[in-house]
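Here is how the chains run, residue by residue.
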Amino acid sequence: MNPTDLAVSVANLTYQHNSFSPPSLLNVNLALPLGSRTLLIGANGAGKSTLLQLLAGRRLVTLADADVRVKGQDVFRNTPPGITFLGTEWAMNPVVRGDIVVSVFLDSVGGYRHKERRDKLLDLLDIDLDWHMHQISDGERRRVQLCFGLMVPWDVLLLDEVTVDLDVLVRDDLLKFLKADSEARGATILYATHIFDGLNDFPTHIAHMRNGEFVTNPTPWSTDSAVGSLSLTTTLLYQVALQWLKDDRDHRRELEKLGKKTRGARKDDAVPSDSETFYRKYDYSH
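Quick caveat: nothing in here was measured; it's all calculated off a predicted structure.

A.B. asks: Let's hear about the sheet that holds strand β3 (residues 37-41): which residues, and what values?
C.D. replies: Read across the sheet, six strands follow the order β6-β7-β8-β3-β9-β10 without closing on themselves; strand pairing throughout is mixed. Two strands in the sheet have a free side with no partner beyond their single neighbour: β6 (83-86) and β10 (213-220). Taking the axes of each pair of neighbouring strands and ignoring which way they run, one obtains an average angle of 15 degrees across the sheet. As judged from the four bridges shared by β6 and strand β7 (residues 156-160), these two strands associate in the parallel manner. Bridging across to β7, threonine 84 finds its partner in leucine 157. Strands β3, β6, β7, β8 (188-192), β9 (205-210) and β10 of the sheet are contacted by helix α1 (residues 48-55), whose axis makes an angle of about 150 degrees with β7.

Right under this line is the structure:
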């Protein structure tokens, strides 16, 4: 594919959070066409959030052979405008949990400069401008975050689980808005999520990450096309995601047989742990 047709291109990307941990991303290569909407699918800890943060320029990669470009520019040294990242940590920030009225908050971040999109999002997300940020629920605070993040037109939108605490109706309206906005402006979306209900018609591509690598690179998606062993015309995105996650679990269990540290209950422990010995002395439940 011609590089000018790519919104995101990644080559030879390996990333470690620190020298004591294994790589969170290992030799990642990625190419996202302009105007695509790609879902990142993978188990917890697969590397999805790390990849999104790197593409947003929130973490720095120092390896010389890693090439990470958004809109054709080096995202670490010449970050282009038009990149929007929305993640789950925003709603827990003490600043946005203070006693500030929503209308004042939105104006303070430039809402008055984007009145048309701001007002459309206020209606779409069913936001009350008189809400006080410290008095509203996490879901309502998430709506304010989305209005704040989306009211400025974006070229590349990086979403990390930001619909997790929205109600079904608002989430559906939001996904329809994002799809229409992407199609109208040729903008690109990369979305990591574990919620697949109502997403069948949203993505143009789907991708599968495992242990910091792509098992399946971004692949064109439609319900009547084959994806791996799932080729039925009635295939749902949920079924694909479920099968991929089962494959991930089976892969991990095979590694455990070869000596990797196991998860779950330790059924073969014959000697009680120190904590078990301690707590038995003070267990008054019987």
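Continuing now.
A.B. asks: Can you tell me about the pattern of salt bridges, naming the residues and giving the values?
C.D. replies: Inspection of every chain in the model, using the stated rule, returns 17 salt bridges. Its salt-bridge partner being arginine 141, residue aspartate 138 comes within 3.0 Å of it at the nearest N-O pair. Taken together, the residues aspartate 138 and arginine 141, both in helix α4 (residues 138-150) and three residues apart, mark about one turn of the helix. The partner of glutamate 256 in a salt bridge is arginine 252, with the nearest N and O atoms 3.1 Å apart. Remark: arginine 252 and glutamate 256 occur in helix α6 (residues 237-257); sequence separation between them is four residues, near one turn of the helix. The class of glutamate 256 is buried, set by a relative accessible area of 16%. Beyond isolated ion pairs, a larger network of salt bridges with shared partners links Arg97, Asp138 and Arg141.

A.B. asks: So, a nonpolar patch on the surface: which residues are in play, and what are the values?
C.D. replies: On the surface, Leu236, Tyr238 and Leu242 cluster together into a nonpolar patch covering about 270 Å² of accessible area. Of note, tyrosine 238 is situated in helix α6. According to the relative accessible area criterion, tyrosine 238 is partly exposed, its value standing at 44%.

A.B. asks: Got a sec to walk through a negative patch on the surface? Specific residues and values, please.
C.D. replies: On the surface, a cluster of negative charge is contributed by Asp123, Asp126, Asp128 and Asp130. Tracing the backbone shows aspartate 126 in the loop between α3 (115-124) and α4. For aspartate 126, a relative accessible area of 53% corresponds to the exposed category.

A.B. asks: Break down the packing of aromatic side chains for me, citing the residues and quoting the values.
C.D. replies: Across all of its chains, the model carries two aromatic pairs by this definition. Ring centres of phenylalanine 105 and phenylalanine 148 lie 5.8 Å apart, and the angle between their planes is 55 degrees; on these two criteria the pair is classed as tilted. With phenylalanine 105 in helix α2 (residues 102-108) and phenylalanine 148 in helix α4, this pair connects stretches of sequence that are 43 residues apart. Among the residues examined, phenylalanine 105 registers a relative accessible area of 10% and is labelled buried.

A.B. asks: Describe the environment of leucine 52, listing the residues and the values that go with them.
C.D. replies: Tracing the sequence through the fold places leucine 52 in helix α1. Measuring from C-alpha to C-alpha, the distance between leucine 52 and leucine 190 comes to 8.0 Å, with 138 residues separating the pair along the chain.

A.B. asks: Would you mind going over unusual backbone geometry in detail, with residue names and values included?
C.D. replies: With the exception of glycine, most residues fall at negative phi, and the peptide bonds are largely trans. Of note in the backbone geometry, asparagine 12 takes a positive phi value of approximately 55 degrees without being a glycine. Positionally, asparagine 12 belongs in strand β1 (residues 6-15). For asparagine 12, a relative accessible area of 35% gives the class partly exposed. One non-glycine residue, glutamate 161, lies in positive phi territory at about 60 degrees. For glutamate 161, the position within the fold is in the loop between β7 and α5 (168-185). For glutamate 161, a relative accessible area of 13% puts it in the buried group.

What counts and how
Residues numbered from 1 in each chain as written. Predicted model: local features only at pLDDT ≥ 70, side-chain atom pairs only at ≥ 80, totals over all residues. Heavy atoms only, no water. Pairing = 2+ DSSP bridges. Helix = DSSP H or I, 4+ residues; strand = E, 2+ residues; numbered from the N terminus. Axes fitted to C-alpha atoms, helices over the stretch in contact; angles between N-to-C directions. Contact = heavy atoms within 4.5 Å. Salt bridge = Lys/Arg side-chain N within 4 Å of Asp/Glu carboxyl O. Buried < 20%, exposed > 50% of the residue type's maximum accessible area, 1.4 Å probe, protein only. Patch = residues over 30% accessible without salt bridge, like charges linked within 9 Å, V, L, I, M, F, W, Y side chains within 5 Å. Areas by Shrake-Rupley, 256 points an atom, 1.4 Å probe, with all protein chains shown as cover. Lys, Arg positive; Asp, Glu negative; His and termini not counted. Charge placed at Lys NZ, Arg CZ, Asp CG, Glu CD. Phe/Tyr/Trp six-rings, centres within 6.5 Å; stacked < 30°, edge-to-face > 60°.

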